[in-house]
Amino acid sequence: MQTIETLYPQLSTPKKIVITMHQKPDADAMGSTLGLYHFLVQFGHSATVISPTNWASFLNWMPGCKEVVDYERDTDKANILIDQADWIFCLDFNVLSRTKRMEERLANAGAERILIDHHQQPQVEVFAYGVSNTKKSSTAEMVYDFIMESGHEDKINAFVAECLYAGVMTDTGSFRFPSTTASVHRMIATLKERGLNHSNVHEALFDNFSENRFRFIGNVLMNRMEVFYEYNTALIAVPQQDLIKYDIKTGDTEGLVNYPLSIEGIKLAAIIIDRGEERKCSFRSKGDFDVNTFARTYFGGGGHFNAAGGQSKEPLEKVVEDFKKAMMENRDKLSTYKF
Ligand code: 5GP
Ligand code: MN
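Thresholds applied
Residues numbered from 1 in each chain as written. Chains lettered and ligands numbered in written order. Predicted model: local features only at pLDDT ≥ 70, side-chain atom pairs only at ≥ 80, totals over all residues. Heavy atoms only, no water. Domains from an automatic or database assignment. Buried area = accessible area lost by both parts, 1.4 Å probe. Salt bridge = Lys/Arg side-chain N within 4 Å of Asp/Glu carboxyl O. Polar contact = N/O pair within 3.5 Å; in protein donor to acceptor, adjacent residues only side chain to side chain. Pairing = 2+ DSSP bridges. Helix = DSSP H or I, 4+ residues; strand = E, 2+ residues; numbered from the N terminus. Core = buried A, V, L, I, M, F, W, Y, C linked by side-chain atoms within 4.5 Å. Buried < 20%, exposed > 50% of the residue type's maximum accessible area, 1.4 Å probe, protein only. Contact = heavy atoms within 4.5 Å. Axes fitted to C-alpha atoms, helices over the stretch in contact; angles between N-to-C directions. Donors = N, O, S within 2.8 Å, 3.2 Å for Na, K, Ca; no water. Disulfide = S-S within 2.5 Å. Arc of directions from axis to C-beta. Near = heavy atom within 4 Å. Areas by Shrake-Rupley, 256 points an atom, 1.4 Å probe, with all protein chains shown as cover. Nonpolar A, V, L, I, M, F, W, Y, C, P; charged D, E, K, R; others polar.

**Student:** Looking at this model, I keep getting lost on the domain arrangement of the protein. Mind explaining?
**Tutor:** Put simply, an interface is often sized by how much accessible area is lost when its parts join up. Domains assigned within the protein are domain 1 (2-206) and domain 2 (212-334). In this structure, domain 1 and domain 2 have C-alpha centres spaced 27 Å apart. Around 920 Å² of area is buried between domain 1 and domain 2 when both sides are counted, 44% of it from carbon and sulfur atoms. Counting the surface domain 1 buries against domain 2, the share from its top three residues, F58, Q120 and Q121, is 37%. Linking domain 1 with domain 2 are zero salt bridges. On the surface where domain 1 and domain 2 come into contact, there are three residue pairs in polar contact (both at pLDDT 80 or more).

This is the structure in structure tokens:
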């Protein structure tokens, strides 16, 4: 993988570009890809954003989101775009398998693949160019760096600013995680100077939920949460029947894992959701408990040091059992945790 700077001189030559992200995109995946899109089109490139799957409706306010191609829904159209592309930007994921059914097409594409990502252990051999930096708060911050370092601050317009702000704000837990560096705050200052209305972004993301979602959360906290104080751990296990009963859609469960993490003394929080085709797990930790390794070791996943995920094909009860076993195996690290 050559460094991303190698691309800068080529930016002004119009190309066919696909920009993609991980499946079930979050606000960083959608915000960074759309932010890059609104930047690149100003050079006369023909660019399209493709998502491997559908996404949460709370992302639809983002400028350009309605034009994003859903690979599962519009596979033929997406395949043509992928096959004809000169460049394929791969944002906010480290391994091609995070693009689910798109993986094979991406792997076989004639285009040069370009990585911009902040997850651990990237599959560098499949990318012609790229930048991978686990110290970065968000992929949105890395797209901002890409724009600034290539000398194009003047191309940050209100669209670019809103999309990138959404990514960095959500991936830093509203600027609270340790990844929120001074550079992140400088970035926000620049976005403000370039037309960002940050209050609109907060409203669009956090004041747009359905009533059902809150009733679902009430049920989950009351009936589906277990707290293991001797392990400083809390677990939520959601059966599929709850998702059906409350008409839970993609994205409605995002952030739920943060509730148990905010209980006093809890250092490891987990949620396991029965999505039918698989059991999806999310892990969050505080301080020195490494959930990236935890997710990798026990649940075929990965992510970051304090936020990671995984999945299992086993029934929910078995995954809960596996989680408890894994928790017990990590007893020393969990029970001795100190701030
Ligand atoms: P979340 O719990 O919000 O789904 O994901 C937390 C972090 O872990 C994100 O950065 C996400 O990209 C990563 N992640 C979630 N699930 C998986 C997975 O199954 N495999 C890998 N490698 N990373 C994951
Ligand atoms: Mn991210």
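Text resumes after the structure shown.
**Student:** Where do I start with the sheet that holds strand 9 (residues 233-238) in this structure?
**Tutor:** Strand-to-strand pairing in sheets goes through backbone hydrogen bonds, with the strands running parallel or antiparallel. Spatially, 8-9-10-11-13-12 is the arrangement adopted by the six strands of the open sheet, whose pairing is mixed. Across the chains shown, the open sheet's two edge strands, defined by having one partner strand only, are strand 8 (225-228) and strand 12 (302-303). In this structure, strand 11 (residues 279-285) lies alongside strand 13 (residues 307-312), joined through six bridges in antiparallel fashion. Considered in strand 13, the bridge of F283 is made with A308.

**Student:** When you look at the nonpolar core in this model, what are you seeing that I'm missing?
**Tutor:** In a soluble, globular protein the nonpolar side chains are often hidden away together inside. Judged by nonpolar contacts, the single largest core of 52 residues is most densely connected at M30, L36, F39, F89, F146, L164 and L191. Ignoring sequence-local partners within four residues, the contact set of L191 consists of Y144, I156, A161, L164, Y165 and L196.

**Student:** Can you help me understand the sheet that holds strand 1 (residues 2-3) in this one?
**Tutor:** Ordered by their spatial adjacency, seven strands build an open sheet running 1-7-6-5-2-3-4, and the pairing between neighbours is parallel. Here the strands that pair on one side only, and so sit at the sheet edges, are strand 1 and strand 4 (69-70). By the bridge criterion, four bridges tie strand 2 (residues 16-20) to strand 5 (residues 87-91) in an arrangement that is parallel. Each residue of the ladder has a partner; that of V18, found in strand 5, is I88. In the packing of helix 1 (residues 27-40) onto the sheet, contacts are made with strand 2, strand 3 (46-51) and strand 5, and the angle to strand 2 comes to roughly 160°. Across the face of the sheet, helix 2 (residues 75-84) comes into contact with strand 2, strand 3, strand 4 and strand 5 while running at roughly 130° to strand 3.

**Student:** What exactly am I supposed to notice about the coordination of the manganese ion (ligand 2) here?
**Tutor:** As a benchmark, a tetrahedral metal site with four donors has ideal angles of 109.5 degrees, while an octahedral site with six donors has ideal angles of 90 or 180 degrees. Here the manganese ion (ligand 2) is held by D28 (OD), D92 (OD), H118 (NE2) and D171 (OD), and the distances to it run 2.2 to 2.4 Å. Here the donor residues of the manganese ion (ligand 2) are spaced in sequence according to D-x63-D-x25-H-x52-D. Here D92 is found in the loop between strand 5 and helix 3 (103-108), whereas its partner H118 is found in the loop between strand 6 (112-117) and strand 7 (129-132), with 26 residues between them in sequence. Each member of the pair, D92 as well as H118, carries the same accessibility label: buried.

**Student:** Explain the side chain of H45 to me, please; I cannot follow it from the model alone.
**Tutor:** Structurally, H45 can be placed in the loop between helix 1 and strand 3. Among the polar contacts made by the side chain of H45, one reaches the main-chain carbonyl oxygen of L11 at a distance of 2.6 Å. Within the structure, the side chain of H45 is placed 2.9 Å from the backbone nitrogen of K15, a separation counted as a polar contact. H45 has contacts with L11, T13, P14, K15, I17 and L40, leaving out every residue within four places of it along the chain.

**Student:** Would you mind showing me how to read the pattern of salt bridges here?
**Tutor:** Where charged atoms of side chains with opposite charge meet at close range, the side chains can pair. Counting across every chain of the model gives 13 salt bridges. Between R101 and E72 there is a salt bridge; the shortest N-O distance is 3.2 Å. You can see R101 sitting in the loop between strand 5 and helix 3 and its partner E72 sitting in the loop between strand 4 and helix 2, a full 29 residues away along the chain.

**Student:** Is there a simple way to think about the state of the cysteines in this case?
**Tutor:** Disulfides are covalent bonds that link the sulfur atoms of two cysteine residues. The full count for this structure, using the stated rule, is zero disulfides. Here C163 stays free of any disulfide, with the sulfur of C65 as its closest cysteine sulfur at 8.6 Å. Residue classification places C163 among the buried residues on the basis of a relative accessible area of 0%.

**Student:** What exactly am I supposed to notice about helix 2 here?
**Tutor:** Note that an α-helix has 3.6 residues per turn; residues three or four places apart therefore point the same way. Listing the buried residues of helix 2 in full gives A78, N79 and I82. Down the axis of helix 2, the smallest arc covering the buried residues is 100°, so these residues share one side.

**Student:** How should I be thinking about the site of ligand 1 in this particular structure?
**Tutor:** Close to ligand 1 lie 14 residues, the nearest being R98, H119, S282, R284 and Q311. The separation between a nitrogen atom of ligand 1 and a polar main-chain atom of G302 is 3.3 Å. Measuring from an oxygen atom of ligand 1, one finds a side-chain N or O atom of H304 at 3.1 Å. Here ligand 1, which alone exposes 500 Å², has 81% of that area covered by the protein. Sorting the residues of the shell around ligand 1 by element identifies strand 11, strand 12 and strand 13 as the ones contributing at least two each. In terms of residue count, strand 13 provides more of the shell around ligand 1 than any other element does, five residues in total. In terms of residue class, the shell around ligand 1 is made up of two nonpolar, nine polar and three charged.

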